[in-house]
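Close look at the chain arrangement
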Amino acid sequence: MLWTVPVQSVSPQRVIEHVSKVLLGKEQQIRLAVACLLARGHLLIEDLPGMGKTTLAEALARCFGLEFKRVHFTSDLLPADLTGIGVLETGSGSFSFQPGPLFSQVLLADEINRASPRTQSALLEAMASGRVSVDGTSHELPIPFFVIATQNGLDQTGTAPLPESQLDRFLMRLTLGFPERQAELALLSGQAMRPEQLPALLTPADLLALQQQATAQHAEPSLLAYVLDLVELSRQGSFGASPLSPRAAQSLLAAARAWSLLEGRDFVIPADVQAVLPSVCEHRMDDGEPVGTNGAGASEAGSWSQRLLAGVDGLR
Amino acid sequence: MSGHRRLQWVALGLLATLLPAIDTGMPLSWGAICLMALTGLKLREARSRSELRRSSLLLLVIIGVMAALLPGLGPSLIQLLTTLLALSSLLALELGGALQLRTLLGRSLRLLGAALPLVLVLFLLVPRVGPIWTVPMGQTARTGLSDRLDTGSIANLVAVDTPAARISFASEAPPPPEARYWRVLTLHSFDGQRWERLPGEDSLNALIPAAAGAPMASTREQFWLAEPTLLPMLPWSGQGQPLDPELRISPDGVLLNNRPPIERRAYGFTNLSAPAAWKRQPPRDAALELPAGINPRLQALGQEWKATYAPADRVAAAQRWFLSQPFRYTTQPGLLPGPDAVDAFLFDTRIGFCEHFASGFTALMRAAGVPARIVLGYQGGDWVPQVGGGGYLDVRQSDAHAWSEVWLADQGWVQVDPTAWVSPVRISAGQPISAGQAPRQFSPLGWALLQWRGIDLRWTGWVMGFSRQDQRALIERLLGTRHEWLGLLLVAALALCLGVVLPLMRWTQRRRDADALRRELDRCLQRLQGLGLEPLPGEDLGSFCHRAGQQRPDLDAVLDELARTYLRQRFEPPQPQDQRQASSQRLRRLRHQLTRSPAAAPSPQG
């Protein structure tokens, strides 16, 4: 559908177009990732290695003009490796804080389920509170602060699944999936750009303004009713999924607002909710058991969400 | 011609129907007529929106003026209707003609409804400005009782069946027919043939203030609505106190109207059982005057009674005499000769009607040395039961009557009706005075008219009967003696009205709009279902329309517009009303397009 798009000084649409030049054929996922960023949420990407997770994270960071760091989680990674440590300075004899990779605007946490629960927990606490405590001193994380975590399927060896409470900290869970033949052909023939070639389209200030705008998107009471109907259906015992929490409802609305902004509207419609619902709600409903990470699993991943969406009247 | 202009013309036309009723003697009514002419001219030549708006506002001003001129129920209803039309045309103007007439009228009606609490507050609490309320109400005066009694003058009246007054009673039961005497004026001066009022009879210093005597009771026991006459007096029963202290009772027991007699007058009475002070007022010298040398037989008979009986017995003697003579009641007595007309009636022709009997009896009493006078008024009245309980007494000009009063030292003024001796049926059965007149027949129209007059009476009782005194009483009950709070109370009441009614209206409007929108969508979906296009479970409108548009490429554009219009309307931040209305109408138009579309997509091969 065509909407008369209000003129925006900074267009997230251009970001999506540019990132699409790097990550070919994945416009929907890129759009969801941008929506997640605009909704001030963190993103969990579940997929096999080599599917373009890092490329996506790096391209997003560059386009938004954000500082980007990457940490590969291993089973022996310690919390201090993330947060940073106090270092004894020989001159003054006092400890000075050496910030770890957590102190960046975009953090790519690779294979988060390979790390020990303790380290996972440290990351997730930082994500939730926006600050890190080291040696009794509190350090503010930068703003914006956006974590893209990736994880492999549980069938892979040496992984510790994220507990439900921590999955809840991620606004969205995405799977990238295999590219289509056409897109992969383009990739092979070298038509894809490299993330480093992308220009910085926006500044962090622009991003903050967009985030502000996203929270201000208008949601009519009838739309809120739709969100509530969805959440309430998930809570019925006969539905079978883990019930959606009030935070899930908040997240759903926030993501739908950001999505509506990307659609060029200043108000939210049920289609926005439907568009973001699988990414926002699936990982909260499937008991933390990630489904198969191969591309074929994508349809399986939508199952709870699809049942939920089919169970509530979308004509509002 | 655009819709709002037509509405304005209709409103103007309706107002013009009120023109014959207004009194052209009032400067204000000329203002109203000028305004109406002006509005008509303006409407003819108006081209721009602002000019049309001005003519609409002018209409509202005219309605206001009309309301001051004509406060009756009928004119009020017409004024209400014209207000509705003028408001609707204003709305149509402001909304750019987006609304249908029915919606427009409904919306204007709701606006009027919202103003109702305001009207009530203003009516109850805003202090009355005297002059506005007492401007003559523009009823042209009609013939009623005359202020003199001459041969034939009342016989002329009997043929007139126009309304004279309506009376309602708190007890809901009217007095029995023989007690239905409604006095209007008394006649003292007699030249042997003609009875007239004394010059200067109602001069101000000779009045008994209405409030004299018992303390004012607040309950209204009797309510009158008298039609305009040429006389400065009002009919009343002779009992009780007028609730309006501006009404005065003369020593002769005449209720004097303080306002020009050309207006319809509403007034109430209380203390009906209290003794009437005027009955104890000693007679004037004129009450014994008889022109000497005229009517010698009458004089002789009077002298005889005077010599024979005590004053109280002279009335009984006169009754016996009247009953012993072959008097006959008729409305065609013929002319009576010469200066001794009363003699001729009493001793020669002996046929006549109330006027003749009253005249003869009063003259006889004077000859017999008993102070006596003629009373003119109405006798009788039809009891009209109202649908829904209650009723009123309908007094007509044909109920006009003349009777006598005699002064007896120990009883005061005593009412004597010699007509009742001669023709008791006329009084007790409430028969019209003219024997030849056919009794009123039942007709649906006549019945409806009587009912309408009853409703009008009640309306007048509420609206016009809410006097300054009632208002003061209400304010005192609300505020005690702290009158300085009145302004504050008024402002608070207004603020309450505005603060509650307007948001309520907006809320219901939005809900209604939303519901109307949804109904419209459901109709569209029904139509699509008829075309074999149904939404999947949980599908949202956008995807459904997109999918349906792929199935039916010929409908793609319509469906796309449908989804966009509806979703925008439904989920956008609240918009001004005209936009919402416009989208509803666009949706309706799309539905009509869907209805016209063929059941199956035209195949590309043709």
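Every chain's residues receive numbers from 1 upward, in the order its sequence appears when written. A letter from A marks each chain and a number from 1 marks each ligand, given out in the order of writing. Local features in this predicted model are restricted to residues of pLDDT 70 or higher, and side-chain atom pairs are both shown and tallied only at a pLDDT of 80 or more, whereas totals for entire chains, interfaces and linings draw on every residue. Side-chain metrics in this entry use all non-hydrogen atoms of the structure; hydrogen atoms and water are not considered.

With that settled, the discussion passes to the overall build of chain A. Put simply, DSSP marks the helices as runs of H or I at least four residues long and the strands as runs of E at least two long, and each gets a number from the N terminus on. Check the secondary structure of chain A and you find 13 helices and nine strands. A 1.4 Å probe rolled over the protein chains alone gives each residue an accessible area, and that area as a share of the maximum for its type sets the label: buried under 20%, exposed over 50%, partly exposed in between. Here chain A holds 316 residues, and 53% of them are scored as buried. Residues count as neighbours in contact if any of their non-hydrogen atoms are within 4.5 Å of one another. When contacts within chain A are restricted to residue pairs at least 6 apart in sequence, long-range pairs at least 24 apart make up 78% of them.

Each helix and strand in chain B was counted, giving 19 helices and 19 strands. Expressed as a percentage of the 606 residues in chain B, the buried residues total 48%. A fraction of 75% describes how many contacts in chain B between residues 6 or more apart in sequence connect residues 24 or more apart. Summing over all exposed atoms, chain B offers an accessible surface of approximately 28100 Å²; the carbon and sulfur share of this is 61%. All accessibility values rest on the Shrake-Rupley procedure with a 1.4 Å probe; residue burial counts only the protein chains present in the view.

Among the buried residues, those of types Ala, Val, Leu, Ile, Met, Phe, Trp, Tyr and Cys that are joined through side-chain atoms within 4.5 Å form a nonpolar core. Formed by 93 residues in total, the largest nonpolar core has its most connected members in Leu60(A), Phe64(A) and Met172(A). If you tally residues by element for this core, the top one is helix 10 (residues 246–262) of chain A, at 10 residues. In this structure, Phe64(A) is in contact with Val15(A), Val34(A), Leu37(A), Leu202(A), Thr203(A), Pro204(A), Leu207(A) and Leu210(A), ignoring residues within four places of it in sequence. Formed by 70 residues, the second largest nonpolar core is a distinct cluster that contains Leu187(B), Leu234(B), Ala276(B) and Ala400(B).

Our next topic: the side chain of Arg257(A). Along the polypeptide, Arg257(A) turns up in helix 10. One buried charge, Arg257(A), has no salt-bridge partner; the nearest side chain with opposite charge is Asp272(A), at 9.5 Å. Only four residue types enter the charge count: Lys and Arg as positive, Asp and Glu as negative, with His and the chain ends excluded. Salt bridges are identified by distance alone: a Lys or Arg side-chain nitrogen within 4 Å of an Asp or Glu carboxyl oxygen.

Here Tyr378(B) is to be found in strand 15 (residues 372–379). Each C-alpha atom of the pair Tyr378(B) and Trp403(B) lies 9.7 Å from the other, and the pair is 25 residues apart in sequence.

The next point concerns the sheet that holds strand 1 (residues 148–149) of chain B. All names here are of chain B. In this scheme, strands are said to pair when DSSP sees at least two bridges between them. Spatial strand order, 1-5-4: three strands in an open sheet with antiparallel pairing. Only two strands of the sheet have a single partner each, and these edge strands are strand 1 and strand 4 (189–190). Direction of pairing for strand 4 relative to strand 5 (residues 195–196): antiparallel, over a ladder of two bridges. Pairing of Phe-190 across the sheet is with Trp-195, part of strand 5.

The interface is formed by 22 residues belonging to chain B together with 22 residues belonging to chain A. A simple way to read buried area is as the amount of 1.4 Å-probe accessible surface that goes missing from two parts once joined, with both sides added. The contact between chain B and chain A buries some 1800 Å² in all, and 61% of this surface belongs to carbon and sulfur atoms. Put simply, chain B and chain A have zero salt bridges between them. Here a polar contact is taken to be a pair of N or O atoms separated by no more than 3.5 Å, where protein atoms must pair a possible hydrogen donor with a possible acceptor and residues adjacent in sequence count only if both atoms sit in side chains. Taken together, the links from chain B to chain A amount to two residue pairs in polar contact (both at pLDDT 80 or more). Counting residues per element, the ones that place at least two in the side of chain B that touches chain A are helix 16 (486–530), helix 17 (541–551) and helix 18 (556–571) of chain B. With eight residues, the top contributor of residues to the side of chain B that touches chain A is helix 18 of chain B. Among the residues forming the side of chain B that touches chain A, the class breakdown is 10 nonpolar, three polar and nine charged. For this classification, Asp, Glu, Lys and Arg are treated as charged, while Ala, Val, Leu, Ile, Met, Phe, Trp, Tyr, Cys and Pro are nonpolar and the rest, including Gly, are polar.

This part takes up helix 14 (residues 444–463) of chain B. Multiply 1.5 Å by the residue count of a helix minus one, and that product is the helix's expected span. The end-to-end C-alpha distance of helix 14 of chain B is 28 Å, a good match for the 28 Å that 20 residues give at a rise of 1.5 Å each. For helix 14 of chain B, the full list of buried residues reads Gln451(B), Arg453(B), Gly454(B), Asp456(B), Leu457(B), Thr460(B), Gly461(B) and Val463(B).

Taken as a whole, this structure holds 33 salt bridges over all chains when the rule is applied. Note that Glu263(A) and Arg31(A) form a salt bridge whose closest N and O atoms lie 3.4 Å from each other. One end of the pair, Glu263(A), is in the loop between helix 10 and helix 11 (270–285); the other, Arg31(A), is in helix 2 (residues 27–38), and 232 residues separate them in sequence. Here Arg31(A) falls in the buried class, since its relative accessible area comes to 11%. Among the ionic pairs, Arg166(B) bridges to Glu227(B), the shortest N-O distance being 2.9 Å. Residue Arg166(B) is located in strand 2 (residues 163–169), and its partner Glu227(B) is located in the loop between strand 7 (222–226) and strand 8 (233–234); the two are separated by 61 residues in the primary sequence.

Okay, the packing of helix 8 (residues 296–308) of chain B against helix 11 (residues 354–367) of chain B next. Residues and elements named next belong to chain B. Interaxial angles span 0 to 180 degrees and are taken between N-to-C directions of axes, which are lines fitted to C-alpha atoms, for helices over the stretch in contact. Taken N-terminus to C-terminus, the directions of helix 8 and helix 11 make an angle of 55°; their axes are 7 Å apart at the nearest point. Comparing the axis directions of helix 8 and helix 11 gives the class oblique. Crossing geometry of helix 8 relative to helix 11 is assigned as right-handed. Two secondary-structure elements touch here, helix 8 through Leu-298, Gln-299, Leu-301, Gly-302, Gln-303, Trp-305 and Lys-306 and helix 11 through Gly-360, Ala-363, Leu-364, Met-365 and Ala-367. Any angle that falls under 35 degrees is termed roughly parallel, while one over 145 is termed roughly antiparallel, one within 65 to 115 roughly perpendicular, and all others oblique. Helix crossings fall into two classes, left-handed where the near helix is turned counterclockwise from the far one by less than a right angle and right-handed where it is turned clockwise.

Residue and element names in this part refer to chain B. There is a patch of nonpolar side chains on the surface, built from Leu-77, Leu-80, Leu-449, Trp-452 and Ile-455 and spanning about 470 Å² of accessible area. Of all the secondary structure elements, the ones that give two or more residues to the nonpolar patch are helix 4 (73–94) and helix 14. In terms of residues, the nonpolar patch owes the most to one element, helix 14, which gives three residues. With respect to the helices and strands, the residue Ile-455 is situated in helix 14. Residues enter patches when they are more than 30% accessible in relative terms and free of salt bridges; like-charged ones are connected within 9 Å and nonpolar ones (Val, Leu, Ile, Met, Phe, Trp, Tyr) within 5 Å.

All names here are of chain A. Taken together, the five strands give an open sheet; going across it, the order is 2-5-8-1-9, and neighbouring strands pair in parallel fashion. The sheet is open, and its two borders are formed by strand 2 (68–72) and strand 9 (170–174), each paired with just one other strand. Averaged over all neighbouring strand pairs, the angle between strand axes comes to 20°, with direction disregarded. Sheet analysis places strand 2 next to strand 5 (residues 106–110), joined by five bridges and oriented parallel. The residue bridging Arg-70 from the neighbouring strand is Leu-108, located in strand 5. Sitting on the sheet, helix 2 touches strand 1 (42–46), strand 8 (146–151) and strand 9, and the angle it makes with strand 9 is about 175°.

Next up on the list: the environment of Ala516(B). You can see Ala516(B) is positioned in helix 16. It is 9.7 Å that separates the C-alpha atoms of Ala516(B) and Gln581(B), two residues lying 65 residues apart in sequence.

A few words on the packing of helix 3 (residues 49–69) of chain B against helix 4 of chain B. Residues and elements named next belong to chain B. Look at helix 3 against helix 4: their axes get within 10 Å of each other, and the N-to-C directions meet at 165°. Between helix 3 and helix 4, the interaxial angle falls into the category roughly antiparallel. For helix 3 against helix 4, the interelement crossing comes out left-handed. Residues Arg-49, Leu-52, Arg-53, Ser-56, Leu-57, Leu-59, Leu-60, Ile-63, Met-66 and Ala-67 of helix 3 form the contact with helix 4, whose own contacting residues are Gln-79, Thr-82, Thr-83, Ala-86, Ser-89, Leu-90, Leu-93 and Glu-94. Along the lines of polarity and charge, the residues of the contact of helix 3 with helix 4 split into 10 nonpolar, five polar and three charged.

Quick look at the packing of aromatic side chains now. Residues and elements named next belong to chain B. Note on aromatic contacts: the rings of Phe and Tyr and the six-membered ring of Trp form a pair at centre separations within 6.5 Å, being stacked when their planes are under 30 degrees apart, edge-to-face when over 60 apart, and tilted otherwise. In the structure shown here, the tally under the stated rule is 22 aromatic pairs over all chains. Seen in terms of ring centroids, Trp-182 and Trp-224 are 5.4 Å apart; in terms of plane orientation they differ by 80°. Their pairing is edge-to-face. Residue Trp-182 is found in strand 3 (residues 181–187), and its partner Trp-224 is found in strand 7; the two are separated by 42 residues along the sequence. The residues Trp-182 and Trp-224 share a single accessibility class, namely buried.

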